[in-house]
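# Overview (structure and organization)
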Amino acid sequence: MREFVPPATRFVSLPDGFAMRRGGVLNGARVAYEAVGRLDEARDNVVLILTGMSPDAHVAAHPDDPSPGWWEHMVGPGKPIDTDRWHVICMAALGSCKGSTGPASVNPATGEHYGLEFPEVSIEDIADAAAVLLRALGIDTVACVVGTSMGGMSALSLLARHPGLARSHINISGAVHSLPYAIAIRSMQREAIRSDPQWSHGRYGDDPGHYPRSGMLLARKLGMMTYRSAQEWDQRFGRRRLAAGHRTGNGQFGAEFRVEGYLQAHADRFVHTFDPNTYLYLSRCIDLFDLGESCGSTAEAALSRLCLDAALVIGVETDTLFPLRQQREIADGIRRSTTDVQFRAMESDEGHDAFLVDIARFGPPIAKFLSAIW
């Protein structure tokens, strides 16, 4: 088990006895964050970014860490989320292996990694940890909370559980709950990890020889197939084959096509930057989240009670993981209480991950929305 923390990441301690929604408490826990851009004197120019399952807090380059962040082309001086104007805070989700306390962290009570002894993580826990972070930084209200993918769920939970903490919201490829197809895919990913003998019931430790590499490779490949669209696979790879020297595997069933080589190369990189138990915990918390159930009502009623001045909801026509109808549901629900709600249906071929790569389409509406609330 291992955490993967960028060098300039900062930390805020959670209060001892931090109660987890599905049982258990955390003591000596923390959340990781990075901040980019100047906080103004009134402390009212804060944009909070809540991430998907795998990103860390390093959203963009800054003087303390000039390496590119995971949303480098979206966040920065003169970019759509303009750090000449906004003080941007990005938090690594509670339960992650990117600096916030999670299964890969050391339990202060035992001196050992938590592993499967870590309490079950919920989206609500991530939202509550974000609220603690903001208050610890002396921020009473953020100008906008931005949530992408799983972060869209976390943002909705934050808005519902902590009314008044944000004046506006940008929800990108989010949902009020997961649909059966997405649950099935993530279930297969977890099964791939747990079926790897090297997983050892979550006790693989720090020994590379006992790391469930095969299970993680398969889990990531399954994920990549849902993060992008079939249209993109067709356009990028077609039926083109790997050069003879780049074919992998033994015998007649090794990788033959370029799309296979791409999936293998991407998964190879990922397995060295993410903890398997964390994959299990966070993927499961996405499946279990239901905004309506969390609020003791329906999702429609919960959305209609959100206290916002404005909202922008963006979805992608080619997203099979969180289909466009789920973003339309969010926009329609918020519109029942907030008249200034914009809904944008993007035609990008990049599928669920479009917001990470198709900045030409996503950047302008985000920049325009933020300019309007300034």
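Here the structure is a predicted model, which means the values were calculated and not measured.

### Some thoughts on helix α1 (residues 123–136)
- With 14 residues, α1 extends 20 Å between its outermost C-alpha atoms, agreeing within 8% with the 20 Å of an ideal straight helix rising 1.5 Å per residue.
- Judged by how many residues are buried, α1 sits mostly within the fold: 11 of 14 residues are covered.

### Focus on the packing of helix α5 (residues 230–237) against helix α6 (residues 258–270)
- Interaxial distance between α5 and α6 falls to 10 Å at its minimum, and their mutual angle equals 110 degrees. The orientation of α5 relative to α6 falls into the category roughly perpendicular. Seen along the crossing, α5 lies across α6 with a hand that is right-handed. Listed contacts from α6 to Trp233, Arg236 and Phe237 of α5 are Arg258, Val259, Tyr262 and Leu263.
- Among the residues making up the contact of α5 with α6, the classes are represented as five nonpolar, no polar and two charged.

### Points about the pairing of strand β11 (residues 310–316)
- Of all the seven residues making up β11, seven are buried; the element is thus mostly covered by neighbouring parts of the structure.
- In β11, alternate side chains face the same way, and those of Ala310, Leu312, Ile314 and Val316 on one face and Ala311, Val313 and Gly315 on the other are all buried.
- As defined by bridge partners, strand β10 (residues 168–172) adjoins β11 across five bridges and the pair is classed as parallel. Looking at the pairing, His169 lines up with Ala311 of β11.
- Pairing analysis gives six bridges linking β11 to strand β12 (residues 341–346), with the strands arranged parallel. Directly across from Val313, in β12, lies its bridge partner Phe343.
- Crossover handedness for the path β11 to helix α10 (residues 324–335) to β12: right-handed.

### So, the environment of Pro55
- By the element assignment, Pro55 lies in the loop between β5 (46–50) and β6 (75–76).
- You can call Pro55 buried: its relative accessible area is 18%.

### Observations regarding the pattern of salt bridges
- Scanning the model with the defined rule gives 14 salt bridges in all.
- The salt bridge involving Lys79 is made with Glu72; its shortest N-O contact spans 3.5 Å.
- Of the charged contacts, one joins Asp353 and Arg228 as a salt bridge, the two residues approaching to 3.8 Å between their closest N and O atoms. Here Asp353 is found in the loop between β12 and α11 (354–357), whereas its partner Arg228 is found in the loop between α4 (213–227) and α5, with 125 residues between them in sequence. In this structure, Asp353 and Arg228 share a single accessibility class: buried.
- Shared partners join several salt bridges into a network, and the residues in it are Arg228, Glu232, Arg236 and Asp353.

Here is what the cut-offs are and how they apply
Residues numbered from 1 in each chain as written. Predicted model: local features only at pLDDT ≥ 70, side-chain atom pairs only at ≥ 80, totals over all residues. Heavy atoms only, no water. Helix = DSSP H or I, 4+ residues; strand = E, 2+ residues; numbered from the N terminus. Expected span 1.5 Å × (residues − 1). Buried < 20%, exposed > 50% of the residue type's maximum accessible area, 1.4 Å probe, protein only. Axes fitted to C-alpha atoms, helices over the stretch in contact; angles between N-to-C directions. Parallel < 35°, antiparallel > 145°, perpendicular 65-115°, else oblique. Left-handed = near helix turned anticlockwise from the far one by under 90°. Contact = heavy atoms within 4.5 Å. Nonpolar A, V, L, I, M, F, W, Y, C, P; charged D, E, K, R; others polar. Pairing = 2+ DSSP bridges. Right-handed = clockwise from strand over helix to strand, strands pointing away. Salt bridge = Lys/Arg side-chain N within 4 Å of Asp/Glu carboxyl O.

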